[in-house]
Amino acid sequence: MMSCHALSLALILSLLGAGGVAAASSENSNNNEQLFQQQQLLIREKPPLRVFVLVGQSNMVGHGSRSALDESTGQQKNATLEWLVANAPDRFGMLKQELGESGEVGVEVRAGKSGKTKKKSSQKSEWAIRPDVFIACNSRALDDLSPRVTTYGNLYAGLCAGDPDQKDQVGPELGFGWAVGDAFNRGVADNDNKVLLLKIAWGGKSLAVDFRPPSSGGTTGPFYESVIANVKNTMTNIAHIFPNESDRPVQLSGFAWHQGWNDGCNDTMAAEYEYNLANLIRDVRKDLNMPDLPFAIAGTGMKGYSKQPTRREDVINAELKVAKYPEFKGGVASVDTRPFARGPAPASPTDFGYHWMCNAESYWLIGQSLGKSMVDLVNHREEGQVTEES
């Protein structure tokens, strides 16, 4: 639920001083009403820029195929994003945007890489760009622990996805961004509720070691520490990264987690996954100074309901069980992603089971489900705040 915030008292008084006295002495009530309305507009603050943090390992990095051609036919492989747009336009057609006569999409996009900023007046791409959803990420950093984002801009399919040597990849950020953007801007004029996805992910990382939270004891994971530092650093530098949004308050609104493959490779790691995941939630909330931060989990369901080693089942069950802890009621949600698994090639672009067969539909569904769960958590939290204030 959005609310209007008053500007400083000094500014309000200055506004009244500039025109209030003259208006009060005017005999024209219409002028008085017009001035009053203008002043009400001036003392309203813009809606906040909602920041959602997306963290995990390679499947949060994103390895869904945006485009991949079959070498024998020259056609798109099944379940690439290009294939989905062409064959299921009712579900995916909105991800493409018509090009203008110049061959460009008339949307301003800001993007930066390696600390350099690029400002473009249009994006030469046919992928639809969300003017209301931004994304910033430690793009393709592999083992780079620097607490900074290296790529940022308006969300479109492919931005902030894949490893350094890969192109035409998508991850959960796409479906997530569409879900939260649509939800928070439904019925809102000019799509003025802006969202930023802060995606911090590295391939091949475990919760037991790399992301290990402080409360689990032992050595705190360096990637956990990098996540916390990156969130804090980015939150304080929003005006530099997105200067056009510098007049908005910044609001940390949620944390999304998609990880678990590496822990499922080891019996010991799998056995303590539930303990570590619960500690991760508690410690992230503590270290980001937000004890009720909404936390959404997407399970490691890439094998579907097929028979798996017990250790992998343990990780999936842990991801589902933690969300049901009484202490997390209303603030943590877990999505069972097993229904999103698809078969190997030729039904999907590849047979890489650990990467959801590179099936773009699977990554889209993960992101959508995470995003919709997050919206529910945010609404629950904000409705509770309103109730307490009233």
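Below: a short report on this structure. (Residues numbered from 1 in each chain as written. Predicted model: local features only at pLDDT ≥ 70, side-chain atom pairs only at ≥ 80, totals over all residues. Heavy atoms only, no water.)

Side-chain direction in a regular strand flips from residue to residue, so the side chains alternate between the two faces of the sheet. A two-sided burial pattern is seen for strand β10 (residues 295-298), the buried positions comprising Phe295 and Ile297 on one face and Ala296 and Ala298 on the other. Note that strand β9 (residues 250-258) and β10 share 4 bridges and pair parallel. Bridge pairing links phenylalanine 255 to phenylalanine 295 in β10. Examined bridge by bridge, β10 and strand β11 (residues 332-335) share 4 bridges and lie parallel to one another. Bridge pairing in β11 links alanine 296 to alanine 333. One crossover worth recording links β10 to the parallel β11 by way of helix α11 (residues 310-322), and it is right-handed. (Buried < 20%, exposed > 50% of the residue type's maximum accessible area, 1.4 Å probe, protein only. Helix = DSSP H or I, 4+ residues; strand = E, 2+ residues; numbered from the N terminus. Pairing = 2+ DSSP bridges. Right-handed = clockwise from strand over helix to strand, strands pointing away.)

Here the structure, examined in full by the defined rule, presents 14 aromatic pairs. Measuring from centroid to centroid gives 4.9 Å for phenylalanine 255 and phenylalanine 295, while their planes differ by 20 degrees, and the two rings are stacked. Taken as a pair, phenylalanine 255 in strand β9 and phenylalanine 295 in strand β10 lie far apart in primary sequence, 40 residues in all. Judged by relative accessible area, phenylalanine 255 falls into the buried class, the value being 1%. The ring of phenylalanine 184 is capped by arginine 50, whose NZ or CZ atom sits 4.3 Å from the centre of that ring. One cation-aromatic arrangement involves arginine 312 over tryptophan 261; the distance from NZ or CZ to the ring centre is 3.6 Å. (Phe/Tyr/Trp six-rings, centres within 6.5 Å; stacked < 30°, edge-to-face > 60°. Lys NZ or Arg CZ within 6 Å of the ring centre and 35° of its normal.)

Moving on, we get to the packing of helix α10 (residues 273-287) against α11. Their axes nearest at 9 Å, the elements α10 and α11 cross at an angle of 40 degrees. With respect to each other, α10 and α11 are oriented oblique. You can see that α10 and α11 cross each other, and the crossing is right-handed. Of the residues in α11, those in contact with Tyr273, Glu274, Leu277, Ala278 and Ile281 of α10 are Val315, Ala318, Glu319, Lys321 and Val322. (Axes fitted to C-alpha atoms, helices over the stretch in contact; angles between N-to-C directions. Parallel < 35°, antiparallel > 145°, perpendicular 65-115°, else oblique. Left-handed = near helix turned anticlockwise from the far one by under 90°. Contact = heavy atoms within 4.5 Å.)

This next bit is on empty space enclosed by the protein. Rolling a probe over the atoms, with the probe sized like a water molecule, indicates the empty space that remains. Inspection of the entire model under this criterion finds 4 cavities of 30 Å³ or more. When its volume is computed, the second largest cavity comes out at roughly 40 Å³. Only α7 (222-236), β9 and α10 provide two or more residues apiece to the lining of the second largest cavity. Considered class by class, the residues forming the lining of the second largest cavity number 8 nonpolar, no polar and no charged. (1 Å grid on protein atoms, 1.4 Å probe; cavity = no way out; pocket = protein on both sides within 12 Å on 5 of 7 lines; lining within 4 Å. Points joined across faces, edges and corners; volume = space filled by probe spheres on them. Nonpolar A, V, L, I, M, F, W, Y, C, P; charged D, E, K, R; others polar.)

The omega angle of the peptide bond from alanine 345 to proline 346 is 15 degrees, so this bond is cis rather than trans. By the element assignment, proline 346 lies in the loop between β11 and α12 (360-389). Although it is not a glycine, alanine 79 sits at a positive phi angle of roughly 70 degrees. Mapped onto the fold, alanine 79 is located in the loop between β2 (64-65) and α4 (81-87). Given a relative accessible area of 5%, alanine 79 falls into the buried group. For cysteine 160, which is not a glycine, the phi torsion comes out positive at approximately 65 degrees. Relative to the assigned elements, cysteine 160 resides in the loop between β6 (151-154) and β7 (169-170). Among the residues examined, cysteine 160 registers a relative accessible area of 6% and is labelled buried.

Summed over all chains, the structure comprises 1 disulfide. A disulfide bridge connects cysteine 137 with cysteine 160, and the sulfur atoms are separated by 2.0 Å. Disulfide cysteine 137-cysteine 160: torsion about the S-S bond near -85 degrees, hence left-handed. Residue cysteine 137 is located in strand β5 (residues 133-137), and its partner cysteine 160 is located in the loop between β6 and β7; the two are separated by 23 residues in the primary sequence. The residues cysteine 137 and cysteine 160 share a single accessibility class, namely buried. (Disulfide = S-S within 2.5 Å.)

Another aspect to go through is α7. Taking 1.5 Å per residue as the helical rise, α7 with its 15 residues ought to reach 21 Å, and the 21 Å between its terminal C-alpha atoms agrees with that figure. All of the buried residues in α7 are Phe223, Tyr224, Ser226, Val227, Ile228, Asn230, Val231 and Thr234. Buried residues belonging to α7 abut β1 (49-56), β8 (195-201), α8 (238-241), β9 and α10. (Expected span 1.5 Å × (residues − 1).)

Now for the pairing of β5. Counted residue by residue, β5 has 5 buried out of 5 residues, so it is predominantly covered. Residues Val133, Ile135 and Cys137 line one face of β5 and the alternating positions Phe134 and Ala136 line the opposite face, and both faces are buried. Bridge analysis of β5 against β8 gives 5 bridges, and the strand direction is parallel. Pairing of valine 133 across the sheet is with valine 195, part of β8. In terms of strand pairing, β5 meets β6 through 4 bridges, oriented antiparallel. Looking at β6, one finds that isoleucine 135 is bridged to glycine 153.

Right, let's get into the pattern of salt bridges. Under the definition given, this model contains 20 salt bridges. Among the ionic pairs, lysine 96 bridges to glutamate 82, the shortest N-O distance being 3.0 Å. Within this pair, whereas lysine 96 is found in the loop between α5 (89-92) and β3 (109-113), its partner glutamate 82 is found in helix α4, the two being separated by 14 residues in sequence. As a salt-bridge pair, aspartate 143 and lysine 205 come within 2.9 Å of each other at their nearest N and O atoms. Of this pair, aspartate 143 sits in the loop between β5 and β6 while lysine 205 sits in the loop between β8 and α7; the two residues are 62 residues apart in sequence, bridging distant segments of the chain. The exposure class of aspartate 143 is exposed, given its relative accessible area of 53%. When its relative accessible area of 8% is taken as the criterion, lysine 205 is described as buried. Members of the salt-bridge network, linked through shared partners, are Asp192, Lys194, Glu245 and Arg248. (Salt bridge = Lys/Arg side-chain N within 4 Å of Asp/Glu carboxyl O.)

Any functional reading would require information that these geometric values do not contain.
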